[in-house]
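Listed below are the residues making up each chain.
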Amino acid sequence: SRLFRAVNKRYRIFFLFLIHRRTFPNFPIRGTRGNRPGPKMTLFPSIQDSFTHTFDQLVRQEYGPAAVLIDKDCQVQYVSGQTRAYLELPSGSVNVNVVKMVMPELRVPLRAAIFKAVKTGKEVVHASIRLGMQNGMHSVDVIVRPLFHDKQAFDSLMVVFREQGMIQKSPK
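Just so it is clear, the model here is predicted, and its values are computed rather than measured.

Colleague: How would you summarise the environment of Gly132 if you had to cite specific residues and measurements?
Modeller: Mapping Gly132 onto the fold places it in strand E5 (residues 124-133). Ignoring any residue separated from it by four or fewer positions in sequence, one finds Gly132 in contact with Glu105 and Met137.

Colleague: Account for the confidence of the model for the protein, naming residues and giving values.
Modeller: Averaged over all residues, the pLDDT of the protein is 77; the fraction at 70 or higher stands at 67%. Segment residues 29-34: pLDDT under 50, and six contacts once partners within four positions in sequence are set aside and those in other chains are kept. Counted against residues more than four places away or in other chains, residues 38-47, with its pLDDT under 50, gives 14 contacts.

Colleague: Explain the pattern of salt bridges residue by residue, including any values.
Modeller: Taken as a whole and judged by the stated rule, the model has one salt bridge. Asp141 is the partner of Arg162 in a salt bridge, and the nearest nitrogen-oxygen pair spans 3.4 Å. In this pair, Arg162 sits in strand E7 (residues 154-169) while Asp141 sits in strand E6 (residues 136-148), placing the two residues 21 residues apart along the sequence.

Colleague: I'd like a rundown of the pairing of strand E3 (residues 66-71), residues and numbers included.
Modeller: With respect to burial, E3 is a largely interior element, five of its six residues being buried. Looking at chain direction, E3 and strand E4 (residues 76-80) are connected through four bridges and run antiparallel. Bridging from a neighbouring strand, Ala67 pairs with Ser80 of E4. Counted along the chain from E3 to the antiparallel partner E4, the turn is four residues long, and its residue Cys74 has a positive phi close to 70°.

Cut-offs applied
- Per-chain numbering applies: the sequence of each chain, read as written, is numbered from 1 onward.
- Local features in this predicted model are restricted to residues of pLDDT 70 or higher, and side-chain atom pairs are both shown and tallied only at a pLDDT of 80 or more, whereas totals for entire chains, interfaces and linings draw on every residue.
- Excluded from the side-chain calculation are hydrogens and water; included are all heavy atoms of the structure.
- Secondary structure counts use DSSP, requiring at least four H or I residues in a row for a helix and at least two E residues in a row for a strand, with both numbered from the N terminus.
- Whether two residues touch is decided by their heavy atoms; if any such pair falls within 4.5 Å, the residues are in contact.
- pLDDT: the predictor's confidence for each residue, scored from 0 to 100.
- Salt bridge, as applied in this entry: a Lys or Arg side-chain nitrogen positioned within 4 Å of an Asp or Glu carboxyl oxygen.
- Burial here depends on accessible area, computed with a 1.4 Å probe over protein chains only, as a share of the maximum for the residue type. Under 20% is buried, over 50% is exposed, and the range in between is partly exposed.
- Only when DSSP finds a minimum of two bridges between them are two strands counted as paired.

Next comes the structure, spelled out in structure tokens:
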């Protein structure tokens, strides 16, 4: 039989084979399933954990705000999301200093926010900075937040570029 294997025929002891069924996540896009409950995602917990982790990373990277992780010397350590509207590599030798990589309109507010965050150890927000892009003028918030590794001192800063939207369209 495909479901059981005899362990001891004399005492009628059988071993039940596990039946693996493929389950799919019940996203709200597919609609309700009537009275039937959705599938349980417990058969493959390690696969599900890695799937949700990857999904979460993709959503944050594609649709979340652009952000960079920098050290105290303003050197970029990690990039998250689409930063090309705010950062670009300068020409010449490779330099990953975020102040030199940021667009000119954001340079002074970013430098001031980094200085103030390092000095106070608190989050600093520069709101509604005007930034010219290809399709028009946009409003951007620059957020600098110290990240504490220990309770005493921080060794990294998170810089987030949160776009507020278009202020005016460029004429064609």
